[in-house]
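Each chain, letter by letter, is given below.
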Amino acid sequence: MVGAGGGGRLPKSSKHYGLTALCPIKLGTAPGRNSSYEAVVRETLAGLDSHERSPMARVPNTYLARLYILKDVFYEGRSQQEHLKSQYLFFGSDFHGELEPYLRGMWENIEPEVRLIWQHCVAFGSSVNSAESFVDYIKKCQVSNTFLFNGSNDRPLAEQLKGLYLKQEFGDFVASHQGASDDELRSAFLSFAERVQVTKLDGPTWRPGAQTLESARTHS
Amino acid sequence: MTTFEIRSGVDLHDVQGNIIKGYGRYGFPVARYVTYRINAAVAGRTFIKLLVPMLTTSVPWSESGVVEEGTKQPPSTTNVALTYEGLRRLGVPERSLLSFPDEFVMGMRARASILGDVGASAPKNWDPVWQTEDGQQPVHLLVTINAESSDALAQRYEEVGLAARAANDVAGDSAGVQQLAGHRSAGGADAAFQDGAALRDEHGTPGPKEHFGYTDGISDPYYKDSGSRSSNVIGGGKRLRDSSPATDAGWAPLATGELLLGHTDEALEYPAAPVPSTLSKNGTYLVYRKLHQNVATFDRYAASEAAKLSMEENLFRAKLVGRWPNGAPLASFPTEAEANAFNAKLEQAKADRFDETATPTQRAAATERHLELKEQQSGFDYREDIAGESCPVGAHSRRANPRGSLEFGQDHAFSTPGALVNRRRIARRGLPYGDSSDRSVDNGDHGIIFMAIGASINRQFEFVQQQWMNFGNDFRLGNDQDALLASWPDEDIDPLRARMTFEVDPDGMEVPKICTGIPQFVETRGGDYFFVPSLTALSAIARGAVDPT
Amino acid sequence: MSNVAGKAQALNVWTPTRRKGIENRIIFWVLPRFFKKKLRGLQTLSLIHYARWVIIAPKDFPNLGEGQPTEELRHHYECFLSNFNGNWDQYIDSFSMSLGTGLDMLWFKNVGFPNSVPIEPFHAYINANSIPTDHYYSAYPLAASNDVKAAQRVRDSLVTLAGSASGMSPKQFRQAYDDTIRKHQDDISRLDESVIVSLATEAVQNQARQEAF
Ligand code: HEM
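Residues numbered from 1 in each chain as written. Chains lettered and ligands numbered in written order. Predicted model: local features only at pLDDT ≥ 70, side-chain atom pairs only at ≥ 80, totals over all residues. Heavy atoms only, no water.

## A short note on the overall build of chain C
Helices and strands together make up the secondary structure of chain C, namely seven helices and five strands. Counted from the first residue to the last, chain C has its helices and strands arranged as β-β-α-α-β-β-α-α-β-α-α-α. Principal-axis analysis of the C-alpha atoms places the extent of chain C at approximately 75 × 50 × 45 Å. Residue pairs at least 24 apart in sequence account for 75% of intrachain contacts in chain C once pairs closer than 6 positions are excluded. Of the roughly 8200 Å² of accessible surface on chain C, a fraction of 55% belongs to carbon and sulfur atoms. Charged side chains in chain C number 23 positive and 21 negative. The centres of these two groups are separated by 11 Å. (Helix = DSSP H or I, 4+ residues; strand = E, 2+ residues; numbered from the N terminus. Contact = heavy atoms within 4.5 Å. Areas by Shrake-Rupley, 256 points an atom, 1.4 Å probe, with all protein chains shown as cover. Lys, Arg positive; Asp, Glu negative; His and termini not counted. Charge placed at Lys NZ, Arg CZ, Asp CG, Glu CD.)

Written out as structure tokens, the structure is:
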């Protein structure tokens, strides 16, 4: 479980992958600006839309993801003080599936945003120009997890979202069909099943990243 | 046996009496809550100086012959509490003020979105006395009086008023401390004070009912060294793992620091407290909340929804709260017949206990019986009822105090079954107000002056209100809210959103019942967060001698 | 900048550790086994979607050349990353009180770690060593970990029920339906937006909404 190389998974049989990547940000002043590259990256992150409009909402199988900047390490007051020489863009993602297809999916779906976010990272501009090179790049930045905890499940995102949709719709169905006769119940359920399409994962379902019930349902 | 712990780790002379004593339980059926504004520091400090000798402490009252120590029960009690703005105006130094926790500094109004005070409960709909023009807390000082009779109440109110006038004379400022009117009452919106009173039964005897018809004020947390009867640990303490909840071996006293600042708490430390320690030690916080009850809507909904779900209305009412209207807990008495039989025994023992014609021996025996039955009223948990087939998982009193049930049947998941509960307990010290004998309208003057006491408003009251009443995740109930207290931003809410499930035995043949379209039964009408200083701290404040240096 | 995505909150904690590789291997070998038995607490608490601990040795900091300086650090660093439900300030008591010894093991030998009980020093330690998230995304801001799990159970049962309903008589269907809702009586509770847990987060969201106009 101290994963060598890949190191995003525990146990190996799980379909939940935890990607941890530290991408060094270029040092110095960003061209044409009075600020550091780091400040530009931070500004870019702040400008990203959130929730259903976050670029990560378009990356298949992303459960939860985050980006932040590791500016330095902290001093605890008890040992010799030390500092990082670079600042790092931290990219963490919990997702379903294998690393390489996941990253390829990311490139394919949000390439412009990937370029925008990573453009000021060391060696990104010089080496990344395709899905494969993006995969290689992130793998170079990846650090192995020591321990990964799954308090949820490792199903494909589409199943999780369909489940949430069904939980909500079925709950409403049950609450509003108390006291129905056997006949009524069965026929009401059949039309319910027809409407919600229990086994169909691509719809009706909840929209990834939806923050309100209204926008969750616009997908269905 | 009734024994009191008098000698203990807490100086009960220093602790205000409303913290430890639920006055309602001691035969004080009437109360008056008087709100003041402090315009001149000198007048405010003098007022406090004059109030200190009148204050009721937590020293136990002697009960005929049972204890040797303790003071005699007075005809009325008096206590005082201060808001942040009150402390500021009294001249408490900035350094001390800044050491109070955020929520106290902000006050209850500013916490509205945390508390779910929206829609009908929004601050703009509160009583005039709680309205503010300059954004500052309008009420600075609260005097609470509880009394055995209206005469005793009136007399003490008079005396408090005299003290205020005397303070203003000293300060040479007739509005130095100013009593703030603006409490809504049956007579209009401008009452000079808020009255509270136990509801009376058909014989005019004050009792423990609240306006929806439930017996209230049964459960009461039990803290180490609090001087109350040690058998109150049953149901009142924290749940231990291996003994029955019906016995005192099943419970241990909560750490004193859950109730009082300056004492160690359940996290084995002193709770965060303002400086200097003389200001905070033996003090605590009081949440004062006026909660209006829509009795007509409640009655109508109980009748119609019970019919819709083919249930006895009394059972329906019991499921909402987790106790039968007569007070018997659903967890121990799942059927009405059992609950009624139990309650009849309890009432009989109580009558015998106070029967003047009986011999002292008979009365002592009845007292013993009565206390034992009261233990049964509190000595239960939900660990045999994880699914909620007797007491619904979302019932009001189960939400408010899940006892051992948040291990969800996973014995030993946590080091102690109360791990998630012991830091969330609140001592309730309020009383009903108004009259709801006309059950056909909602807009009469009736509700509860809800008062919650504890060492951290944020960790205890606000957490319970927000996470346990207005939300359901800790109980694995999604966004379901407490049925009694649910509040909604507007009236036309999707009926399927406002619901509650009455669970059944998962291995049985019945199906769960789901109430839907639960209307808003309770509306917040005002209140604030108060600090209840020790007598030591009050004297220091009165002298202008609080010095955190 | 927000650590909040609906019902999920992000936590990023970086602390120097004096733990050596071998100690790590032992702890993290023991942990999953420990999780199964003793730390059932974390599963029962059920407040976490996904979490991870990453021990990063000085040589593990990625170096991509192109003049990037080599890190010269003495310590290993422990990076803890969590996606949990509720507000950290509010739920720290729940974590500490229910998981105490487990948490102590995870931060064992980390410089300055004060143990998880008493809570005030632990709270201060985590706050001091936390980094705010610049961009946080959850695929289901409306769902807590409990909800995702309940949803999966409901879906699994519905697949069966819907698959067989048309071939059943109304009476047979009633029985199958009743069995299903009995089994999922609390799994079908209503989902909605999170309650407001932090006034600061509420203010940030309101400002963002205003700026959108
Ligand atoms: C009008 C509003 C309310 C009504 C009618 C009401 C009614 C009741 C009733 C009938 C009981 C059971 C009797 C007992 O155990 O003493 C109870 C218990 C309780 N309620 Fe309320 N309540 C109200 C508001 C609140 C609020 C706002 C809170 C806290 C946020 C709260 C917290 C509690 C607690 C802690 C218990 C004791 C649970 C236990 O220890 O078993 N109540 N309430």
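## Quick look at the coordination of the iron atom of the ligand
What the protein offers the iron atom of the ligand as a donor is a single atom, H396(B) (NE2), at 2.0 Å. Along the chain, H396(B) turns up in helix 14 (residues 396-400). (Donors = N, O, S within 2.8 Å, 3.2 Å for Na, K, Ca; no water.)

## Observations regarding the site of the ligand
Residue and element names in this part refer to chain B. Around the ligand sit 27 residues, and of these I218, S219, H396, R403 and R428 come closest. At a separation of 3.2 Å, an oxygen atom of the ligand approaches a polar backbone atom of G217. Between the ligand and the protein, one listed contact pairs an oxygen atom with a side-chain N or O atom of R428 at 2.7 Å. Elements that contribute at least two residues to the shell around the ligand include exactly strand 10 (284-293), helix 14, strand 13 (446-454) and helix 15 (457-469). Broken down by class, the residue content of the shell around the ligand amounts to 14 nonpolar, eight polar and five charged. (Near = heavy atom within 4 Å. Polar contact = N/O pair within 3.5 Å; in protein donor to acceptor, adjacent residues only side chain to side chain. Nonpolar A, V, L, I, M, F, W, Y, C, P; charged D, E, K, R; others polar.)

## Points about the domain arrangement of chain B
Residues and elements named next belong to chain B. Taken domain by domain, chain B consists of domain 1 (17-290 + 526-542) and domain 2 (333-379). Averaged C-alpha coordinates put domain 1 and domain 2 at centres separated by 31 Å. Listed by partner, the interface residues are eight residues for domain 1 and six residues for domain 2. Summing the contributions of domain 1 and of domain 2, the shared interface buries around 600 Å²; its carbon and sulfur component is 55%. (Domains from an automatic or database assignment. Buried area = accessible area lost by both parts, 1.4 Å probe.)

## Considerations on the layout of surface pockets
In this structure, the second largest pocket spans a volume of roughly 1300 Å³. N458(B), N87(C), D89(C), Q90(C) and H123(C) are the residues nearest the centre of the second largest pocket, which is lined by 49 residues in total. Those elements that provide at least two residues to the lining of the second largest pocket are helix 5 (102-106) and helix 15 of chain B together with strand 2 (8-17), helix 3 (88-106), helix 4 (119-128) and helix 7 (199-211) of chain C. Counting residues per element, the lining of the second largest pocket draws most heavily on helix 3 of chain C, which supplies five residues. Its residues assigned to classes, the lining of the second largest pocket shows 24 nonpolar, 14 polar and eleven charged. (1 Å grid on protein atoms, 1.4 Å probe; cavity = no way out; pocket = protein on both sides within 12 Å on 5 of 7 lines; lining within 4 Å. Points joined across faces, edges and corners; volume = space filled by probe spheres on them.)

## Some remarks on the side chain of E258(B)
Residue and element names in this part refer to chain B. Among the structural elements, E258 can be located in the loop between strand 9 (251-252) and helix 9 (277-280). The exposure class of E258 is buried, given its relative accessible area of 1%. A polar side-chain atom of E258 sits 2.9 Å from a polar atom in the side chain of R459. (Buried < 20%, exposed > 50% of the residue type's maximum accessible area, 1.4 Å probe, protein only.)

## Details of the domain arrangement of chain C
Quoted interface sizes are often the accessible area lost when the parts come together. Residues and elements named next belong to chain C. The domains assigned to chain C are domain 1 (4-131) and domain 2 (145-187). Placing a centre on the C-alpha atoms of domain 1 and another on those of domain 2 gives a separation of 39 Å. Each partner contributes residues to the interface: domain 1 has five residues there, and domain 2 has five residues. Counting the surface lost from both domain 1 and domain 2, the interface buries some 370 Å², and carbon and sulfur atoms represent 29% of this. The largest contributions to the domain 1 side of the interface with domain 2 come from K7, S46 and H49, which together make up 72% of the buried area. Inspection of the region where domain 1 meets domain 2 yields one salt bridge. Between K7 and D147 there is a salt bridge, and its shortest N-O distance comes to 3.6 Å. Linking domain 1 to domain 2 there are four residue pairs in polar contact (both at pLDDT 80 or more). (Salt bridge = Lys/Arg side-chain N within 4 Å of Asp/Glu carboxyl O.)

## Quick notes on the sheet that holds strand 1 (residues 4-5) of chain C
The sheet built from five strands is open, its strands ordered 4(A)-3(C)-4(C)-2(C)-1(C) with antiparallel pairing. The sheet is open, and its two edges are formed by strand 4 (147-150) of chain A together with strand 1 of chain C, each paired on a single side. As paired elements, strand 3 (residues 48-56) of chain C and strand 4 (residues 76-85) of chain C share eight bridges and run antiparallel to each other. Paired with A51(C) across the two strands is S82(C), which belongs to strand 4 of chain C. (Pairing = 2+ DSSP bridges.)

## A short note on the nonpolar core
In this structure, F47(B), V143(B), F316(B), F95(C) and W107(C) are the most contacted members of the largest nonpolar core, which totals 170 residues. Setting aside its immediate chain neighbours within four residues, F316(B) contacts Y301(B), A302(B), E305(B), A306(B), L309(B), M311(B), F502(B) and C515(B). Among the nonpolar cores identified, the runner-up in size contains 89 residues, and L48(A), M106(A), I514(B) and Y137(C) belong to it. (Core = buried A, V, L, I, M, F, W, Y, C linked by side-chain atoms within 4.5 Å.)

## Describing the packing of aromatic side chains
In total, this model carries 59 aromatic pairs over all chains according to the counting rule given. Ring geometry for F189(A) against F173(C): centres 5.0 Å apart, planes inclined by 40°, an arrangement best described as tilted. Here F189(A), found in helix 6 (residues 182-196), pairs with F173(C), found in helix 6 (residues 170-183), and the two come from separate chains. One exposure class covers both F189(A) and F173(C), and it is buried. With a centroid separation of 6.5 Å and 70° between ring planes, the pair formed by F189(A) and Y177(C) is classed as edge-to-face. You can see F189(A) sitting in helix 6 and its partner Y177(C) sitting in helix 6, one on each of two chains. Comparing F189(A) with Y177(C), the two get one shared label, buried. One aromatic cluster is present, formed by F147(A), W53(C), F80(C), F84(C), W88(C), F95(C), W107(C), F113(C), F122(C) and Y125(C) through successive ring pairs. (Phe/Tyr/Trp six-rings, centres within 6.5 Å; stacked < 30°, edge-to-face > 60°.)

## Considering the interface of chain C and chain A
Residue-level contacts link 98 residues of chain C with 99 residues of chain A. Here chain C and chain A share an interface that buries about 8700 Å² over both sides, 62% of which is from carbon and sulfur atoms. A per-residue breakdown of the area chain C buries against chain A is headed by Y50(C), H135(C) and Y137(C), which together make up 11% of the total. Applying the counting criterion to the chain C and chain A interface returns seven salt bridges. Here R174(C) makes a salt bridge to D182(A), at a shortest N to O gap of 2.8 Å. Pairing of strand 4 of chain A with strand 3 of chain C involves four bridges; the strand directions are antiparallel. When the bridges of strand 3 of chain C are listed, F147(A) appears paired with W53(C).

## Points about the sheet that holds strand 1 (residues 16-25) of chain A
Strands pair in a sheet through their backbones, by hydrogen bonds, and they do so in one of two ways: parallel or antiparallel. Judged by pairing direction, the sheet is antiparallel, and its four strands sit side by side in the order 1(A)-3(A)-2(A)-5(C) without closing on themselves. For this open sheet the edge positions go to strand 1 of chain A together with strand 5 (135-138) of chain C, each flanked by a neighbour on one side alone. On average, each strand axis in the sheet is tilted by 10° relative to the strand beside it, whichever way the strands run. Relative to strand 3 (residues 87-96) of chain A, strand 1 of chain A is paired through ten bridges, and the arrangement is antiparallel. Across the sheet, residue T20(A) finds its bridge partner in strand 3 of chain A, namely G92(A). Docked against the sheet, helix 1 (residues 37-47) of chain A engages strand 1, strand 2 (62-70) and strand 3 of chain A together with strand 5 of chain C, running at close to 150° with respect to strand 2 of chain A. (Axes fitted to C-alpha atoms, helices over the stretch in contact; angles between N-to-C directions.)

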